[in-house]
Amino acid sequence: MKKILSVLFLSFIFMCSGISTFADDATDAKEFFNKYVNAANTYSPTIPDFYSQNAKIIRQVVKPDGTLVNVSTDTATYMKQLKLGQATAKLRKYKNTYRNINVTKVANGYKVSAERQPTGETYWLKTYQIVQKQPNGQWKVVEELMQTKEQIFLKYAK
């Protein structure tokens, strides 16, 4: 009987340590997202450091009729576009506000989902990032989807 209780107790300890690791990583993923938001809203030159070199970047264009068109790009192209847009954004004092931030474990990391409101707008758009802890302990965005009503992105649709 003591053996069974010992095994059950040890199993419980291992299970709890696994739950605590998930909670710690989920908390770290959310902190990483918050750091990203701060960097983006302050036009930091460190934004590229948040992304994996081969991240999947998706801009989901919300057309005036409500239909959605996904426009995918590679990380290098996205960083070039971002750099060009940052100067204008800074002049306009453009920022994003986020709400309903949720973190869930997915096969390749943690999915941080939220709703995003651009400066001066009344609507909210869906967004998510899949973030992954790297072997060196750093977190990186490996996939990102951000909805936009900016129709200019449609010229990149294939």
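Our subject is the structure that appears above.
This report concerns the structure included in the present document. (Residues numbered from 1 in each chain as written. Predicted model: local features only at pLDDT ≥ 70, side-chain atom pairs only at ≥ 80, totals over all residues. Heavy atoms only, no water.)

Right, let's get into the nonpolar core. Core analysis: the largest hydrophobic core is formed by 22 residues, its most contacted members being Y36, Y51 and V131. Among the secondary structure elements, those contributing two or more residues to this core are α1 (2-41), β1 (51-62), α2 (75-92), β4 (109-118) and β6 (139-148). When sequence neighbours within four positions are dropped, the list of residues in contact with V131 reads A29, F32, N108, G109, Y110, V112, W139, K140 and V141. Judged by nonpolar contacts, the second largest core, of 5 residues, contains I58, I130, V142 and L145. (Core = buried A, V, L, I, M, F, W, Y, C linked by side-chain atoms within 4.5 Å. Buried < 20%, exposed > 50% of the residue type's maximum accessible area, 1.4 Å probe, protein only. Helix = DSSP H or I, 4+ residues; strand = E, 2+ residues; numbered from the N terminus. Contact = heavy atoms within 4.5 Å.)

Take the environment of K140 next. Inspection of the secondary structure assignment puts K140 in strand β6. Counting along the chain gives 31 residues from K140 to G109, while the straight-line C-alpha distance between them is 9.7 Å. In contact with K140, other than residues within four places in its own chain, are F32, D49, F50, Y51, S52, I130, V131, Q132 and Q134. Of note is the side chain of K140, whose polar atom sits 2.6 Å from the backbone oxygen of D49. (Polar contact = N/O pair within 3.5 Å; in protein donor to acceptor, adjacent residues only side chain to side chain.)

For any two aromatic rings, the description comes down to two numbers: the centre-to-centre distance and the angle of the planes. On inspection of all chains with the given rule, the structure shows 7 aromatic pairs. Taken together through their ring pairs, the aromatic side chains of F32, F33, Y36, F50, Y51, Y78 and Y98 make up a single cluster. Positioned above the aromatic ring of Y128 is the side chain of K111, whose terminal nitrogen or guanidinium carbon lies 4.4 Å from the ring centre. (Phe/Tyr/Trp six-rings, centres within 6.5 Å; stacked < 30°, edge-to-face > 60°. Lys NZ or Arg CZ within 6 Å of the ring centre and 35° of its normal.)

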